[in-house]
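Below, each chain spelled out in residue letters.
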Amino acid sequence: MSKFKKGKKGMPAISTASLPDIVFMLLFFFMVSTTMRETDLLIKKPALPVASEVKKLEHKSLVSTIYVGKSKDTRISGDKIQVNDKIIEVKDVPSFIYSERALRKEEEVKFMTTSIKADKEASVGTILDIKEQLRDINALKISFSTSKGTDLSKNYN
Amino acid sequence: MARREVGEINAGSMADIAFLLLIFFLVTTTMDVDSGIARKLPEKTDVQPDVIVKEKNVLDIVVNRNNQLLVENEYVKVTDVKGLAMKFIDNGGGLGTPIDGKPGEPCDYCGGAKDPNSSDHPTKAIISLQSDRGTTYGMYVSIQNEIEAAYNQLRNDLSLKKYGRSYDALLQDYNDNPTESLKVKIDDLKDKYPQIITEPEPIK
């Protein structure tokens, strides 16, 4: 028995047995809280054009995103417009914006921005149609979503 | 002594594994920042105000469905747009817009050629971007980007001359710490070089 007593008696070490639990808790917190509500794209993922003079979009909660791109089905040509989880026509854009506005507070409405995420192969006609619809309902702040870069030559040809 | 049948698994490294996972998620879940070219659409009004604009105050940019560009009826490349736009905006060949009934004044901060056949004043210079419905969006954004770059460069230059800091730096400072004095400077630069971009009906 005496051989067990030879250790010097001092402060007992703090048990780290619960450390994994704490870390797991943090882990789960981050795993859960950082899942974004990423809309499932029904269209082909738009290849965003590159631009150098970009501004970051402030107030993410006030941004409504409109996707423009080709259909996943290659047999269907032309640009498709997607908002939230459905594909819509140009004339339905105002009702989308109205529904987005209904979710926000009234005083925030004028700060709302519409972000257009369009494929670089999309035609300008579609974009201009959307812009016209947005003008009609006074949703005037828009942002052409781009990725940052300096080599613009990939945008065309 | 030999009571232990199955040795307990050492859980000491569990924390390390969990930390590893935690760091992995922390790093990978950085959301892609949404950035883009910001534009403000013109308001729709019922009354169309009759504004007479001199032709020399308009820089005509036309792009067709084959992504070919005409600036003032000359065939150019996208990379030329910035230079042409800057030259046009900064020309300062005449008088500015009259403010509050006072007659317009010549541009005292322009560094342009003062060519009487180009724009009168930055506050009068209008850039008109006419696109075709069949133009690709990438091209359209590239041109918008070049126009934006021209304005930013002019504002930067003026800002460096007047305040010793670039316009971008001022904006950055304002973002971090919005003060009244910074806002005055930024608004002043924006007034000196206002972005006047018009987009006529696209070519069918």
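Residue numbers run consecutively from 1 along every chain, following the written order of its sequence. Note on labels: chains are lettered from A, ligands numbered from 1, in written order. Thresholds applied to this predicted model are a pLDDT of at least 70 for local features of residues and 80 or more for the giving and counting of side-chain atom pairs; totals over whole chains, interfaces and linings are not thresholded and use all residues.

**Q** Explain the nonpolar core to me, please; I cannot follow it from the model alone.
**A** In a soluble, globular protein the nonpolar side chains are often hidden away together inside. By our criterion, buried Ala, Val, Leu, Ile, Met, Phe, Trp, Tyr and Cys residues that link up through C-beta atoms within 7 Å make up a nonpolar core. Three exposure classes are used, based on other C-beta atoms lying within 10 Å of a residue's own C-beta, which is placed from the backbone: buried for 20 or more, exposed for 12 or fewer, and partly exposed in between. Counting residues in each nonpolar core, the largest one holds 48 residues, and the members touching the most others are I66(A), V68(A), I116(A), I127(A), I61(B), A85(B) and I89(B). For this core, the element with the most residues is helix α3 (residues 137-163) of chain B, which contributes 10 residues. The secondary structure listing takes helices from DSSP runs of H or I that are at least 4 residues long and strands from runs of E that are at least 2 residues long, numbered from the N terminus.

**Q** Help me understand the sheet that holds strand β7 (residues 141-145) of chain A in this model?
**A** In sheet architecture, strand pairing relies on hydrogen bonds along the backbone and comes in two forms, parallel and antiparallel. Two strands qualify as a pair provided that DSSP identifies no fewer than 2 bridges between them. As summarised here, the arrangement of the seven strands in space is β2(A)-β1(B)-β7(A)-β6(A)-β3(A)-β4(A)-β5(A), forming an open sheet in which the pairing is mixed. Taken across any chain shown, the strands that pair with only one partner, and hence form the sheet edges, are β2 (55-56) and β5 (86-88) of chain A. As paired strands, strand β3 (residues 63-70) of chain A and strand β4 (residues 79-83) of chain A are joined by four bridges and run antiparallel to one another. Looking at the pairing, V68(A) lines up with I81(A) of β4(A). Strands in contact with helix α2 (residues 93-103) of chain A are β3, β4, β5 and β6 (113-118) of chain A; relative to β3(A), the strand with the most contacts, it is inclined by about 150°. Of the strands in this sheet, β3, β4, β6 and β7 of chain A touch helix α3 (residues 124-136) of chain A, which is tilted by about 170° from β6(A). Residues are defined as contacting one another if the C-beta atoms placed from their backbone atoms lie within 7 Å. To get an axis, fit a line to the C-alpha atoms, keeping to the stretch in contact for a helix; angles then go from 0 to 180 degrees between the N-to-C directions.

**Q** Explain unusual backbone geometry to me, please; I cannot follow it from the model alone.
**A** As a rule of thumb, non-glycine residues mostly have phi less than zero, and peptide bonds are mostly trans rather than cis. With a phi close to 65°, N138(A) is a non-glycine residue in the positive phi region. Accessibility expressed as a C-beta count within 10 Å gives 13 for N138(A), which makes it partly exposed. Phi at E72(B) takes a positive value of approximately 50°, unusual for a residue other than glycine. Locating E72(B) in the fold gives a position in the loop between β3 (69-71) and β4 (74-76).

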